[in-house]
Amino acid sequence: IVETTRSRSNSDASIHSVKSNVSSSSTKSKTAQKTSQSKKAAAAANAATPEVTASTTTPHHTAVNSKSKKTKAGAKNGGNQQLQNLTEKPKVPRRMFGDNIELALPDNLKAILVDDYDYMVRQRKLTAIPARYNVEDLLQAYRRATQGSRTTSQDSLANVDEICRGMRDYFNSALGCQLLYKFERCQYADLLGSNPGISMSKLYGPIHLLRLITKLGPMLSATDMDPTSLNTLILEVSKFIQYVSKHRNTLFQSDDYGTASPEYHRRAL
């Protein structure tokens, strides 16, 4: 019994010593861990210090450099913009495509067109070709009358020459397809065959040119001209219309129409 008691006491003592050793070792390990963690934190702080310094100093210089670059670029762009504004011409607003353009026609010329329609459609007459007073004669007379005016400037004379030339070319190209009544087409075909190489403006008279003037408004509506040129063209055409109206008794006479032969009537059917 005594031996058993002693062995138990010895085992308890050994267990107590083991526990004390374990607790002391754990305490030492915790102390060592705290020491290593503090050293790591200090090292990390020392390593982070240059980065903070760099981050606090570098952006300032970068911002200054970027501002200076932007200032130089802005000054350069501003100079280029001013130079561009000085060299570029101001843009004139263009007329919308399809806008109606009306050329005012005096009532006396409208009455002449009504009589012309009656001669062609109801009475089935024809104009005498070659005409007594053809389109070329009318344009040349208008040019001479404009040149003889003291109030006409050189620019206006240039515009008159251009208008007369344009109306003559337009007349020659539009006569066969837009300026003839159906009853006149056979006559036009005969003239083309018997007068090769001759301009139609030297054969047809002012009444056909007056028909062209009534179509100029819709034709000009389909063009893409700038407003300045278009207004100049309308002004010059209006002056020409006033000249035609003034000399209407000389230009338009009932004797310019004649009765077509029965043979022509059969061909025109």
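Remember, predicted model here, so these are calculated numbers, not experimental data.

**With respect to the pattern of salt bridges**
Phase 1 of the analysis: Tallying each qualifying case throughout the model produces 8 salt bridges.
Phase 2 of the analysis: Across the pair arginine 211 and aspartate 116 runs a salt bridge, and its minimum N-O distance is 3.0 Å. Here the residue arginine 211 occupies a position in helix α6 (residues 206-221), and aspartate 116 occupies one in helix α2 (residues 107-122), the gap between them amounting to 95 residues. Residues arginine 211 and aspartate 116 agree in their burial class; the two are buried.
Phase 3 of the analysis: Each member of the salt-bridge network shares a partner with another, and the members are Asp116, Glu184 and Arg211.

**What about helix α7 (residues 227-246)?**
Phase 1 of the analysis: Between its terminal C-alpha atoms α7 stretches 29 Å, which fits the 28 Å expected from 20 residues at 1.5 Å a residue.
Phase 2 of the analysis: If you follow the buried residues of α7, they end up packed against α2, α3 (135-147), α4 (154-178), α6 and α8 (248-251).

**A closer look at unusual backbone geometry**
Phase 1 of the analysis: With an omega dihedral of 0°, the bond running from isoleucine 129 to proline 130 counts as a cis peptide bond.
Phase 2 of the analysis: Relative to the helices and strands, proline 130 is located in the loop between β1 (125-127) and α3.
Phase 3 of the analysis: Positive phi, close to 55°, is recorded for arginine 124, a residue that is not glycine.
Phase 4 of the analysis: By the element assignment, arginine 124 lies in the loop between α2 and β1.

**With respect to the side chain of histidine 208**
Phase 1 of the analysis: For histidine 208, the position within the fold is in helix α6.
Phase 2 of the analysis: Overall, the relative accessible area of 0% leaves histidine 208 in the buried class.
Phase 3 of the analysis: Filtering out sequence-adjacent residues up to four positions away, histidine 208 remains in contact with Thr127, Phe171, Leu175, Leu179, Leu180 and Glu184.

**Quick notes on the side chain of threonine 146**
Phase 1 of the analysis: In this fold, threonine 146 is placed in helix α3.
Phase 2 of the analysis: Assessed through its relative accessible area of 11%, threonine 146 is described here as buried.
Phase 3 of the analysis: Of the polar contacts made by the side chain of threonine 146, one reaches the backbone oxygen of tyrosine 142; its length is 2.8 Å.

**A short note on the nonpolar core**
Phase 1 of the analysis: Counting residues in each nonpolar core, the largest one holds 46 residues, and the members touching the most others are Tyr204, Leu209, Leu210 and Phe240.
Phase 2 of the analysis: Residue assignment for this core shows that the elements contributing at least two residues are α2, α3, α4, α5 (185-194), α6 and α7.
Phase 3 of the analysis: If you look at the next biggest cluster of nonpolar residues, it comprises 6 residues, including Leu126, Phe183, Cys186 and Ala260.

**Quick word on the confidence of the model for the chain**
Phase 1 of the analysis: Scored by pLDDT, the chain has a mean of 76; 62% of the residues are at 70 or more.
Phase 2 of the analysis: Scored below 50 in pLDDT, residues 47-61 makes 1 contact in the model with residues more than four places away or belonging to other chains.
Phase 3 of the analysis: Here residues 86-95 is modelled with pLDDT under 50, and outside its nearest four sequence neighbours on either side it reaches 13 contacts, counting other chains as well.

Thresholds applied
Residues numbered from 1 in each chain as written. Predicted model: local features only at pLDDT ≥ 70, side-chain atom pairs only at ≥ 80, totals over all residues. Heavy atoms only, no water. Salt bridge = Lys/Arg side-chain N within 4 Å of Asp/Glu carboxyl O. Helix = DSSP H or I, 4+ residues; strand = E, 2+ residues; numbered from the N terminus. Buried < 20%, exposed > 50% of the residue type's maximum accessible area, 1.4 Å probe, protein only. Expected span 1.5 Å × (residues − 1). Contact = heavy atoms within 4.5 Å. Polar contact = N/O pair within 3.5 Å; in protein donor to acceptor, adjacent residues only side chain to side chain. Core = buried A, V, L, I, M, F, W, Y, C linked by side-chain atoms within 4.5 Å. pLDDT = per-residue confidence, 0-100.

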